[in-house]
Amino acid sequence: MLLVIDIGNTNVHMGLWTANSWALNWRARTVADKMPDEYAVLLRNFLNSADVGWKALTGVIIGSVVPPLTATFSELIERYIGIEPIVVTHKLDTGVKVAIDQPEQAGADRIINAAAVVALYPKKPAIVIDFGTATTFDVVSADGAYCGGAISPGIGVAHDALVSRAARLHKVDLQPPPDPIGGNTIHAMQSGIFWGYVALIEGLIKRIKTAMVSNGYAHTEADILVIATGGLSALIQSHTDCIHTIAPELTLDGLRIIYERQKK
């Protein structure tokens, strides 16, 4: 069994791959100063819920954007499972050429998503939108290179920042209001945050597609596949036609693909 661990700024997403399918996946809150033994208890409980013990795990791969937790989980895996995990960096053979100015600055999550696209959608230029703490737009060229992209504040971050800086505004549900013209404060905030965010997605996709063609990453804009992953991907897709497909497990699949590549 393969354990994959995706460590993000908000959540730690773990998946168990066996018999060519995802048997289980779990999420836990990211706590940067939590000790290896504390996360070990959490992971053991997850595994026990599926009647899986430490010894059933034959491989582990980690993708992390939180450096302290990279070390935490590496220590956990070595101590409790007794194997050395693979940690994704720009130096690893992922099947993706990291074609940006400073490859060492490429986030592991972005490399992992690109690796998944190259393997699952071969020779297809693509834009991957990952809805997380930040919303990232990753460009994959037709020849399988990661070419960079864009990073914007996640919708939750934007919402929290607005509420924290405005004395009379309070938290609202992140969903579209009945009308773009808000008739009250709650609906006005929902309109600005939700529809403003949809407009951000649509505007950036349009500009990125144009740049991909002009830079030779795609022949035409019609060739470019737009893939979304992350918590709000389905909600956003239901309110715009610029996202072609949803891939909820894209990052987990990318980790699995990179792991299998190392074993080959």
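None of these values were measured; they are calculated from a predicted model.

Draft legend 1. Representation of the sheet that holds strand S2 (residues 11-18). Strand order in the open sheet formed by five strands is S3-S2-S1-S4-S5, with mixed pairing between adjacent strands. Because the sheet does not close on itself, it has two edges, and the strands there are strand S3 (21-29) and strand S5 (86-87). Bridge count for strand S1 (residues 2-7) against strand S4 (residues 59-64) is six bridges, and the pairing is parallel. Looking at the pairing, Leu 3 lines up with Val 60 of S4. Sheet strands touched by helix H1 (residues 36-49): S1, S2 and S3. Its angle to S3, the strand with the most contacts, is close to 145 degrees.

Draft legend 2. View of the environment of Ile 193. Among the structural elements, Ile 193 can be located in helix H5 (residues 185-214). Beyond its immediate stretch of four places on either side in the chain, Ile 193 contacts Ile 155, His 159, Leu 162 and Leu 174.

Draft legend 3. Up close: the packing of helix H4 (residues 155-165) against H5. It is the contact of H4 with H5, at a shortest axis distance of 10 Å, that shows an interaxial angle of 150 degrees. By the angle between their axes, H4 is roughly antiparallel relative to H5. The element H4 and its partner H5 pack so that their crossing is right-handed. Mapping the contact onto sequence places Ile 155, His 159, Leu 162 and Val 163 in H4 and Met 189, Ile 193, Phe 194 and Tyr 197 in H5. Broken down by class, the residue content of the contact of H4 with H5 amounts to seven nonpolar, one polar and no charged.

Draft legend 4. Geometry of the sheet that holds strand S8 (residues 134-140). The strand order S6-S9-S8-S7-S10-S11 describes an open sheet built from six strands, whose pairing is mixed. In the strand order of this sheet, the two ends are held by strand S6 (97-98) and strand S11 (245-246), each with one partner. Direction of pairing for S6 relative to strand S9 (residues 145-153): parallel, over a ladder of two bridges. Opposite Val 98, over in S9, you have Tyr 146 as the bridge partner. Together, strand S7 (126-131), S8, S9 and strand S10 (225-230) form the strand contacts of H5, whose direction differs from that of S8 by roughly 20 degrees.

Draft legend 5. Quick look at the side chain of Arg 110. With respect to the helices and strands, Arg 110 occurs in helix H3 (residues 108-120). At a separation of 3.1 Å, a polar atom in the side chain of Arg 110 contacts the main-chain carbonyl oxygen of Phe 137. Apart from the residues within four sequence positions on either side, Arg 110 is in contact with Thr 136, Phe 137, Asp 138, Tyr 146, Gly 148, Gly 149, Ala 150 and Ile 151.

Draft legend 6. Seen up close, the pairing of S10. Counting buried residues along S10, five of its six residues qualify, which places the element largely inside the surrounding structure. Sheet topology places S7 next to S10; six bridges connect them, and they run parallel. Note that in S10 the partner of Ala 126 across the bridge is Leu 225. Pairing of S10 with S11, which is carried by two bridges, proceeds in the parallel orientation. By the bridge assignment for S11, Ala 228 is matched with Ile 246.

About the thresholds
Residues numbered from 1 in each chain as written. Predicted model: local features only at pLDDT ≥ 70, side-chain atom pairs only at ≥ 80, totals over all residues. Heavy atoms only, no water. Pairing = 2+ DSSP bridges. Helix = DSSP H or I, 4+ residues; strand = E, 2+ residues; numbered from the N terminus. Contact = heavy atoms within 4.5 Å. Axes fitted to C-alpha atoms, helices over the stretch in contact; angles between N-to-C directions. Parallel < 35°, antiparallel > 145°, perpendicular 65-115°, else oblique. Left-handed = near helix turned anticlockwise from the far one by under 90°. Nonpolar A, V, L, I, M, F, W, Y, C, P; charged D, E, K, R; others polar. Polar contact = N/O pair within 3.5 Å; in protein donor to acceptor, adjacent residues only side chain to side chain. Buried < 20%, exposed > 50% of the residue type's maximum accessible area, 1.4 Å probe, protein only.

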